[in-house]
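# Topology and contacts: notes
Chain by chain, the residues run as shown.
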Amino acid sequence: MTTLVYSHPDCLDHREPPGHPEQAARLLAVERGLAGLDLERREAPLADVTDVLRCHPAQYVARVERAVPQQGWAQLDGDTYLAPGSCQAALRAVGGVCAAVDAVIGAQARNAFVACRPPGHHAERETAMGFCLFGSVAIGAKRALDHHGLARVAVVDFDVHHGNGTQDLLWDEARCLFASSQQMPLYPGSGFADERGAHGQMVNVPLRGGSGGAEMHAAYQREVFPRLTAFQPELILISAGFDAHADDPLAGLMWRTADFAWLTEQLCDLADALCGGRVVSALEGGYDLDALAASVAAHVGVLQRRGR
């Protein structure tokens, strides 16, 4: 077996205004990072609406669909836009995560990476924000729990920005541990350590601006890894944002490419010990294109090696 990668050309059709950081060129950078790795490529299917409705109400989905313009852009908030292909792309992103969850739980592969956009971890139950429309990873977690009958699923989010949407969508879900590290203070302004979820099942790890890999390693070893071990998940989902890289223009953490490889190795070690190596990772942020390509290569390279 090898690592599965889910992607689709539709995800290039989510277009942003010129100069916007969440641009289609990000996926081209991701493809550069994946080049040369031994991976099995699969098309991300369109999500079934029943999966989207696991986290978002029908009226919100309909509102997003109605807002899609015939041409140009429609603006949903200060930095979240819709183009004619945006809803289709977002449904591919959700469908890719759900298909990856199905494949990994079904033992078609030990792990998978979903190379789709737009990202999803800022999308709250009824609010599109932070470049995100639908909470792809949270929806994937709910599919694993409700469709496949898993008892415990963990989501680890290492994007530099707090996954407020994933937190909102899973706040009341006792079967899901959500662990997130993020620069603080920074957009969206959430992610304080006292945000613990309705069942104490959330672990927020604020990191100060300017801190680097050493601080991240210590925080995960102190705060996140013990909670994952105690929770005993049957699947680990990763919101893989690469904007904590020192070269990223949108934040101020100083991680290096090797830090993403280290964290991926540690999470794979835990997955091997806890859930048969089952990991599904999905692209979130990362806005310096060269840093994104290098970090994806490091992250998926570890998944590929560990997935054999």
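Scope of this entry: the structure provided in the associated data block. Counting starts from 1 at the beginning of each chain's written sequence and moves along it residue by residue. Only residues with pLDDT of 70 or above have their local features reported here, since the model is predicted, and side-chain atom pairs are shown and tallied only from 80 upward, although totals for entire chains, interfaces and linings are computed over all residues. Side-chain measures here rest on the full set of heavy atoms in the structure, leaving out hydrogens and waters.

### Here's the deal with the overall build of the protein chain
This is how the line gets drawn: Note on conventions: DSSP H or I runs of at least 4 residues are helices, E runs of at least 2 residues are strands, and numbering of each starts at the N terminus. The size measure is the radius of gyration over C-alpha atoms, and the globule rule it meets is 2.2 Å times the number of residues to the 0.38 power. The classification of residues rests on relative accessible area computed with a 1.4 Å probe and restricted to protein chains. Under 20% of the type maximum is buried, over 50% is exposed, and intermediate values are partly exposed. By the convention used here, residues are in contact when the closest approach between their heavy atoms is within 4.5 Å.
Summing up its helical and strand segments, the protein chain has 9 helices and 10 strands in all. Against the compact-globule benchmark of 19 Å for 308 residues, the protein chain has a radius of gyration of 17 Å, which places it among compact chains. Its C-alpha atoms give the protein chain principal-axis dimensions of roughly 50 × 40 × 40 Å. Taken across its 308 residues, the protein chain has 62% of its residues classed as buried. Residue pairs in contact within the protein chain that sit at least 24 positions apart in sequence constitute 78% of those at least 6 positions apart.

### Looking at helix α4 (residues 86–105)
Operational definition: In a helix, the anticipated span is given by 1.5 Å times the number of residues less one.
The first and last C-alpha atoms of α4 sit 29 Å apart over 20 residues, in line with the 28 Å expected at 1.5 Å per residue. Most of α4 is tucked away: 18 of the 20 residues are buried. Within two residues after α4, Ala107 carries a phi angle of roughly 65 degrees, on the positive side.

### As for unusual backbone geometry
Residues other than glycine predominantly adopt negative phi, and peptide bonds predominantly adopt the trans conformation. The omega torsion of the bond from Arg117 to Pro118 falls at 10 degrees, within 30 degrees of zero and hence cis. For Pro118, the position within the fold is in the loop between β5 (111–114) and α5 (136–147). Backbone geometry places Ala107, a non-glycine residue, at a positive phi of 65 degrees. Along the chain, the position of Ala107 falls in the loop between α4 and β5.

### Let's talk about the pairing of strand β8 (residues 202–208)
For clarity, the threshold we go by: Pairing between strands requires that DSSP locate at least two bridges from one strand to the other.
Within β8, 5 of the 7 residues are buried, leaving the element largely enclosed by the surrounding structure. Relative to β8, strand β7 (residues 176–184) runs parallel, the two being bridged by 7 bridges. What sits directly across from Ser181, in β8, is Val205.

### Side note on the nonpolar core
For clarity, the cut-off: As used in this record, nonpolar core signifies buried Ala, Val, Leu, Ile, Met, Phe, Trp, Tyr and Cys residues forming a set joined through side-chain atoms within 4.5 Å.
Among the nonpolar cores identified, the biggest contains 101 residues, and Phe113, Phe134 and Leu235 are the most heavily contacted of them. Considering every element that reaches this core, the biggest residue donor is α4, with 13 residues.

### Some remarks on the pattern of salt bridges
It is possible for side chains of opposite charge to pair when their charged atoms get near one another. Rules: Basic side-chain nitrogens of Lys or Arg form a salt bridge, by our definition, when they fall within 4 Å of a carboxyl oxygen of Asp or Glu.
One pass over the structure, following the stated rule, counts 20 salt bridges. Arg42 is paired through a salt bridge with Glu40; the nearest N and O atoms lie 3.0 Å apart. Note on Glu40: relative accessible area 33%, which makes it partly exposed. Close ionic contact of Arg208 with Glu215 constitutes a salt bridge, the shortest N to O distance being 3.4 Å. Its relative accessible area of 52% is what places Arg208 among the exposed residues. By relative accessible area, Glu215 is classed as partly exposed at 34%.

### With respect to the pairing of strand β10 (residues 279–283)
A regular strand places its side chains on the two faces of the sheet in alternate fashion. This is how it is decided: With strands facing away from the observer, any crossover in which the path from the first strand over the helix to the second runs clockwise is taken as right-handed.
The buried fraction of β10 amounts to 5 of the 5 residues, a majority that puts the element mostly inside the structure. Of the two faces of β10, both are covered, the one formed by Val279, Ser281 and Leu283 as well as the one formed by Val280 and Ala282. Pairing of β5 with β10, which is carried by 4 bridges, proceeds in the parallel orientation. Of the residues in β10, the one forming a bridge with Val114 is Ala282. Strand direction decides the pairing type here: strand β9 (residues 236–240) and β10, joined by 5 bridges, are parallel. Bridge pairing in β10 places Ile236 opposite Val279. As a crossover connection, the stretch from β9 through helix α8 (residues 257–275) into β10 is right-handed.

### What about the sheet that holds strand β6 (residues 153–157)?
Hydrogen bonding along the main chain pairs the strands of a sheet, whether they run parallel or antiparallel. To keep things clear, this is the line we draw: What counts as an axis is a line fitted to C-alpha atoms, over the stretch in contact for a helix, and the angles between N-to-C directions run from 0 to 180 degrees.
Judged by pairing direction, the sheet is parallel, and its 8 strands sit side by side in the order β2-β1-β5-β10-β9-β6-β7-β8 without closing on themselves. The open sheet has two edge strands with one neighbour each: β2 (39–43) and β8. Shown here is a sheet whose adjacent strand axes are inclined to one another by a mean of 15 degrees, direction ignored.

### With respect to the packing of aromatic side chains
As a reminder, the rule being used: Working definition: rings of Phe, Tyr and Trp (its six-membered ring) pair if their centres are within 6.5 Å, and the pair is stacked with planes under 30 degrees apart, edge-to-face with planes over 60 apart, and tilted otherwise.
Tallying each qualifying case throughout the model produces 8 aromatic pairs. When the centroid spacing of 5.3 Å and the interplanar angle of 55 degrees are considered together, the rings of Trp255 and Phe260 count as tilted. Just as Trp255 is buried, Phe260 falls in that class too. Of the aromatic side chains, those joined through ring pairs into one cluster are Phe158, Phe242, Trp255 and Phe260.

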